[in-house]
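Here is what each chain is made of, one letter per residue.
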Amino acid sequence: MKKIIFTDKAPAPIGPYNQAVLVNDTTLYTSGQIALHPETMELVLDDIETETKQVMENMKAVLEAADMSFEQVVKTTIFIMDMNDFARINTVYGSYFDEKTAPARETVQVACLPKNVNVEISMIAVK
């Protein structure tokens, strides 16, 4: 069974997709989040740390809308524009997880991201 997850505490989708889909009330698949502020829909691009924090806060809101938390995340994918930003992105990202129970992850440098942002993150979580 598929349930659409939506919260106004994260940016509204800007295309034909949903913030997340919960399957069988156990597995959550999130769409990628970028650094859009949910209230203004303006990008938060002050620096890579602030941008990454906004992405993670958006993701936190989506997880909470599904009655989940970062503790239940089993897999993440991080798309970045410049691998030279990896260490700074990783520091912010890592602050949201307990290192001992952190999810599996891949980080991929890409040619371009929506709205020309520097980082986009998606997650899979399991209750």
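Our structure's up above, just so we're on the same page.
Heads up: these notes are all about the structure in this document.

## A short note on the environment of Val21
For step 1, the next point in the chain: Along the polypeptide, Val21 turns up in strand β2 (residues 20-23).
For step 2, the next point in the chain: Between the alpha carbons of Val21 and Ala66 there is a distance of 8.9 Å; along the sequence they are 45 residues apart.
For step 3, the next point in the chain: Contact partners of Val21, with chain neighbours within four places excluded, come to Lys2, Lys3, Ile4, Thr27, Leu28 and Tyr29.

## Some remarks on the sheet that holds strand β4 (residues 73-80)
For step 1, the next point in the chain: Strand order in the open sheet made by the six strands is β1-β2-β3-β6-β4-β5, with mixed pairing throughout. Edge strands, defined here as strands with exactly one partner in the open sheet, are β1 (2-5) and β5 (104-109). Between one strand axis and the next, the sheet turns by 15° as a mean value, whatever way the strands run.
For step 2, the next point in the chain: Judged from the four bridges that link them, β1 and β2 form a sheet pairing that is antiparallel. Within β2, the residue paired with Ile5 across the bridge is Ala20.
For step 3, the next point in the chain: Its contacts with the sheet put helix α1 (residues 48-65) on β1, β2, β3 (27-30), β4 and β6 (119-126), and the angle it makes with β6 is roughly 30°.
For step 4, the next point in the chain: Lying on the sheet, helix α2 (residues 86-94) is in contact with β4, β5 and β6; it crosses β4 at an angle near 150°.

## Side note on the pairing of β2
For step 1, the next point in the chain: The two faces of β2 differ: Ala20 and Leu22 on one face are buried, but Val21 and Val23 on the other face are not.
For step 2, the next point in the chain: Here four bridges tie β2 to β3, and the two strands are oriented antiparallel to one another. Across the sheet, Ala20 pairs through a bridge with Thr30, a residue of β3.
For step 3, the next point in the chain: Following β2, the chain reverses through three residues before pairing antiparallel with β3; Asn24 in that reversal takes a positive phi of roughly 55°.

Thresholds applied
- Residues numbered from 1 in each chain as written.
- Predicted model: local features only at pLDDT ≥ 70, side-chain atom pairs only at ≥ 80, totals over all residues.
- Heavy atoms only, no water.
- Helix = DSSP H or I, 4+ residues; strand = E, 2+ residues; numbered from the N terminus.
- Contact = heavy atoms within 4.5 Å.
- Pairing = 2+ DSSP bridges.
- Axes fitted to C-alpha atoms, helices over the stretch in contact; angles between N-to-C directions.
- Buried < 20%, exposed > 50% of the residue type's maximum accessible area, 1.4 Å probe, protein only.

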